[in-house]
Amino acid sequence: LGKMCNIAKKSVGGGELPDSLCGHFIGHILLVEAQGDTHQATQECKKAPLAVQNTCFAGVFMENILKENLSAHGLGSRLPINEETVSIYEKVCREQEGLIVQNCWLEMPHVYGDFADNNPEKVYELCERAPEEEAKIACYYHFLETLPPLAKRSNQLCNPFNSNQQRFNRCMDTIVSSLLSI
């Protein structure tokens, strides 16, 4: 996988493709290669250099939810977002172990945002279903990153962290960083 990232970097003109982004793209590709088998794809991600592993895992689970490449190859289509679908994706995340757990829950905002009509309070409650504290937080922060720019103007997005200054600051940093990267 490290070699694949080097090839991809050369194709875009050198170091313009960060390892993290490359790893994420490769995760999408690996799930297609594994014909939708998340376990098989994450096992391949484990072979990657550490700089690429986490984002590779996240790419696998994002593809599992969005199914853009899977559907392009006739390997599935995106499921309608409802309570049953939410349960299916949560079950997939609960079946993961180690570093993979957090990366699976990191991509749940692609389900939760649609399910809760991008309501921050509801999405925060849904992210609270994650089994580990860091996974819960990663889930909500990624939701903030995926919000449309105008929705990020709310001064209430970081309210869940009012009692924890460090998390509140990280929340605000997440919003500002995502706005600056538009």
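### Some points on the state of the cysteines
Inspection of the entire model under this criterion finds four disulfides. What pairs with Cys93 in a disulfide is Cys104, and their sulfur atoms sit 2.1 Å apart. Given an S-S torsion of about -80°, the disulfide between Cys93 and Cys104 has left-handed geometry. Taken as a pair, Cys93 in helix H6 (residues 83–94) and Cys104 in helix H7 (residues 99–106) lie far apart in primary sequence, eleven residues in all. Residue classification places Cys93 among the buried residues on the basis of a relative accessible area of 1%. Residue classification places Cys104 among the buried positions, given a relative accessible area of 2%.

### Quick notes on the confidence of the model for the chain
Counting all residues, the mean pLDDT for the chain is 88, and 88% of those residues have values of 70 or more. Put simply, helix H1 (residues 2–11) is where the chain has its lowest mean pLDDT, 64, and H6 is where it has its highest, 97.

### Thoughts on the pattern of salt bridges
Counted under the stated rule, the structure contains eight salt bridges. Between Glu133 and Arg167 there is a salt bridge whose closest N-O contact spans 3.2 Å. With Glu133 in helix H10 (residues 133–146) and Arg167 in helix H11 (residues 165–180), the pair connects residues that are 34 residues apart, well separated along the chain. One salt bridge in this structure joins Arg170 and Glu134, with 3.8 Å as the shortest N-O distance. You can see Arg170 sitting in helix H11 and its partner Glu134 sitting in helix H10, a full 36 residues away along the chain.

Conventions used here
- Residues numbered from 1 in each chain as written.
- Predicted model: local features only at pLDDT ≥ 70, side-chain atom pairs only at ≥ 80, totals over all residues.
- Heavy atoms only, no water.
- Disulfide = S-S within 2.5 Å.
- Helix = DSSP H or I, 4+ residues; strand = E, 2+ residues; numbered from the N terminus.
- Buried < 20%, exposed > 50% of the residue type's maximum accessible area, 1.4 Å probe, protein only.
- pLDDT = per-residue confidence, 0-100.
- Salt bridge = Lys/Arg side-chain N within 4 Å of Asp/Glu carboxyl O.

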